[in-house]
Amino acid sequence: MRLEGLHHITMITGDAQSNVAFYADVLGLRLVKKTVNFDDPSAYHLYFGDETGAPGSILTWFEFAGAAPGRAGLGMIHTLQLGVPSDASLDFWQQRLAAKGANPTRVSERSLKVSDPDGLQLELVVADDGNPPLQAAHHEVPAEHAITGLEGARAYSMFHGVEEQVLTEVLGFEHQGGGEYRVQGDERHFHWAYDEAPAWAPRSGAGTVHHIAWASQDDDHLKWQARVREADGYITDVKDRDYFNAIYFREPRGVLFEIATMSPGFAADEDAERLGEELRLPRQHEHLRAQLERSLQPIVNPRAAARETSEVSA
Ligand code: ZN
């Protein structure tokens, strides 16, 4: 039994529309699901990914409209690493991000950093160590440069260089020395790492990461739950998240981990051609639809807008 690398990473945004503009319009990911928070249906939950919404490509946001900016600190993820196909792709993204008003910094031949509109730190890295590309189509982003999925994430810890045995012995991460770990699935891997925590107090809010979810084969999900329990970890009951089943626990350094099943996936409740175009509600909140459609700020999926334009001009 092994984790199949990353499933998704979930963040907090203070403004869903500028979040969509950045991730779907600028970075060229596909908005694959527009739904609401299971625990607070008055708030959006947006999912972005590749064309199909494959595990390993998924970034999601809870919108807490007008939320104050947070600041990553001890026990929080501070940087997400997105893959691109080549060194030349970093040149493409440096120009594109600058032209769109973001402020990219070339860290090296192999890496480019940029903050999203909420201040979340992203790093574009050349993904050439084996992950099959998970790409979305975007009319301004050639496939030779399109983002290829999530390659890694970095968190803050007091004991960043000490091997964490819950990761290696319970979850099967490979410790690569220092704060570096590798999660190797059958098809995809993910680079998980800790850096020394800054002195300031951590504060969750807009632009911070809420949790990271590892992918599990459906048949293994309950075995993972049992394994964490045997190691005396507190882990939640199984939650039905409509597009996957999920269990949650905190790893010893404080980061909230989830283990999510690979199926049923995002085409479970809408046509694969029109993912993310209509507001989908969890079954238990469907009775609130009329009220939510009035209270939620409308968000236009750029895919739907592009289709309407081409239908009008055709
Ligand atoms: Zn999640």
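Here is a short report on the structure shown in this document. (Residues numbered from 1 in each chain as written. Predicted model: local features only at pLDDT ≥ 70, side-chain atom pairs only at ≥ 80, totals over all residues. Heavy atoms only, no water.)

1. Side note on the sheet that holds strand 14 (residues 239-240)
- Taken in spatial order, the eight strands of this open sheet run 2-3-4-1-13-16-15-14, and their pairing is mixed. Every other strand in the sheet has two partners, leaving strand 2 (30-36) and strand 14 as the edge strands with one partner each.
- Alignment of strand 15 (residues 245-250) against strand 16 (residues 256-261), held across five bridges, turns out to be antiparallel. The residue of strand 16 that forms the bridge with A246 is A260.
- Against the sheet, helix 1 (residues 16-26) touches strand 1 (6-13), strand 2, strand 3 (44-49) and strand 4 (58-63), its axis set at about 5° to strand 3.
- The strands that helix 4 (residues 221-230) touches are strand 13 (209-216), strand 15 and strand 16; relative to strand 15, the one it contacts most, it runs at about 15°. (Pairing = 2+ DSSP bridges. Helix = DSSP H or I, 4+ residues; strand = E, 2+ residues; numbered from the N terminus. Contact = heavy atoms within 4.5 Å. Axes fitted to C-alpha atoms, helices over the stretch in contact; angles between N-to-C directions.)

2. Looking at the nonpolar core
- In this structure, I9, L171, W192 and I212 are the most contacted members of the largest nonpolar core, which totals 66 residues.
- No other element matches the six residues that helix 1 contributes to this core.
- Grouped together as the second largest cluster of nonpolar side chains are 12 residues, V32, F244, L256 and F266 included. (Core = buried A, V, L, I, M, F, W, Y, C linked by side-chain atoms within 4.5 Å. Buried < 20%, exposed > 50% of the residue type's maximum accessible area, 1.4 Å probe, protein only.)

3. Side note on helix 4
- Inspection of helix 4 places H221, W224, Q225 and V228 among the buried residues, and these make up the whole buried set. Axial view of helix 4: buried residues confined to an arc of 100°, hence all on one face. Exposed and facing more than 90 degrees away from the buried side of helix 4 are L222 and E230.
- On its buried face, helix 4 is in contact with helix 3 (165-170), strand 13, strand 15 and strand 16.
- Once helix 4 ends, the next one or two residues include D232, with phi positive near 70°. (Arc of directions from axis to C-beta.)

4. A few points about the pairing of strand 7 (residues 111-115)
- Of the strand pairs in this sheet, strand 6 (residues 105-108) and strand 7 are connected by three bridges, and their pairing is antiparallel. Along strand 7, the bridge assignment pairs S108 with S111.
- The turn joining strand 6 and strand 7, which pair antiparallel and follow one another in sequence, is formed by two residues.
- With five bridges joining them, strand 7 and strand 8 (residues 121-126) adopt antiparallel strand pairing. Note on strand 8: the bridge partner recorded for S111 is V125.

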